[in-house]
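# Structural overview
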Amino acid sequence: MRGGNMQNMMKQMQKMQKKMAEAQEELGEKKIEGTAGGGMVTVIVTGHKEIVDVIIKPEVVDPDDIDMLQDLVLAATNDALKKAEELTNQTMGQFTKGMNIPGMF
């Protein structure tokens, strides 16, 4: 490979790295909502899979059935995290199209 080609390829890699960093930052700003119990419990996560809010409607709170409430919180959390993972794969997958790099997103 000639020096000019290598230099051009390095510039392209730096551009791609910058775009990937920007996409990662944008993911962190996105809010993804997961729900359970027909909207009785809502969990909101960021694109970085950080839980930022848990909303529980008062009518679902039954002191005699804490297990159901816990199950709803778990289900809503898993729903939100699954959606965040799908968003991450869609967003970051554009950078790895055509590449077979194990462990990338």
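Residues numbered from 1 in each chain as written. Predicted model: local features only at pLDDT ≥ 70, side-chain atom pairs only at ≥ 80, totals over all residues. Heavy atoms only, no water.

Our next topic: the environment of Gln-17. Following the sequence through the fold, Gln-17 ends up in helix α1 (residues 3–29). The class of Gln-17 is exposed, set by a relative accessible area of 51%. (Helix = DSSP H or I, 4+ residues; strand = E, 2+ residues; numbered from the N terminus. Buried < 20%, exposed > 50% of the residue type's maximum accessible area, 1.4 Å probe, protein only.)

Moving on to a nonpolar patch on the surface. On the surface, Met-6, Met-9, Met-10 and Met-13 cluster together into a nonpolar patch covering about 360 Å² of accessible area. Of note, Met-9 is situated in helix α1. By relative accessible area, which is 35% here, Met-9 ends up partly exposed. (Patch = residues over 30% accessible without salt bridge, like charges linked within 9 Å, V, L, I, M, F, W, Y side chains within 5 Å. Areas by Shrake-Rupley, 256 points an atom, 1.4 Å probe, with all protein chains shown as cover. Salt bridge = Lys/Arg side-chain N within 4 Å of Asp/Glu carboxyl O.)

Turning our attention to the pairing of strand β3 (residues 51–56). Here five bridges tie strand β2 (residues 41–46) to β3, and the two strands are oriented antiparallel to one another. Across the sheet, Ile-44 pairs through a bridge with Asp-53, a residue of β3. Hairpin connection from β2 to β3: four residues lie between these consecutive antiparallel strands, with Lys-49 at a positive phi of about 65°. (Pairing = 2+ DSSP bridges.)

When you tally the buried positions in β2, you get six out of six residues, the bulk of the element. The two faces of β2 match: Val-41, Val-43 and Val-45 on one face and Thr-42, Ile-44 and Thr-46 on the other face are all buried. Strand direction decides the pairing type here: strand β1 (residues 31–36) and β2, joined by six bridges, are antiparallel. Pairing of Glu-33 across the sheet is with Ile-44, part of β2. Hairpin connection of β1 to β2: four residues between the antiparallel strands, including Gly-37 at a positive phi of 65°.

Negative charge collects at one region of the surface, where Glu-22, Glu-25, Glu-26 and Glu-29 lie side by side. Structurally, the position occupied by Glu-22 is in helix α1. (Lys, Arg positive; Asp, Glu negative; His and termini not counted. Charge placed at Lys NZ, Arg CZ, Asp CG, Glu CD.)

What follows concerns the side chain of Thr-91. Tracing the sequence through the fold places Thr-91 in helix α2 (residues 66–96). On the basis of relative accessible area, Thr-91 is assigned to the buried category, the value being 19%. If we ignore the near neighbours within four places in the chain, the residues touching Thr-91 are Ala-23 and Leu-27. (Contact = heavy atoms within 4.5 Å.)

Residues Val-41, Val-45, Val-60 and Met-92 are the most contacted members of the largest nonpolar core, which totals 18 residues. Only α1, β1, β2 and α2 provide two or more residues apiece to this core. Excluding anything up to four places from it in sequence, Val-45 contacts Lys-30, Lys-31, Ile-32, Glu-50, Ile-51, Val-52, Ala-80, Leu-81 and Ala-84. (Core = buried A, V, L, I, M, F, W, Y, C linked by side-chain atoms within 4.5 Å.)

The phi dihedral of Lys-49 falls on the positive side, at around 65°, and the residue is not glycine. Given the relative accessible area of 35%, Lys-49 is considered partly exposed.

Now for the environment of Met-68. Mapped onto the fold, Met-68 is located in helix α2. Look at Met-68 and you get partly exposed, because its relative accessible area is 35%. Taking the C-alpha atoms as reference points, Met-68 and Gly-37, 31 residues apart in sequence, are found 9.7 Å from one another.

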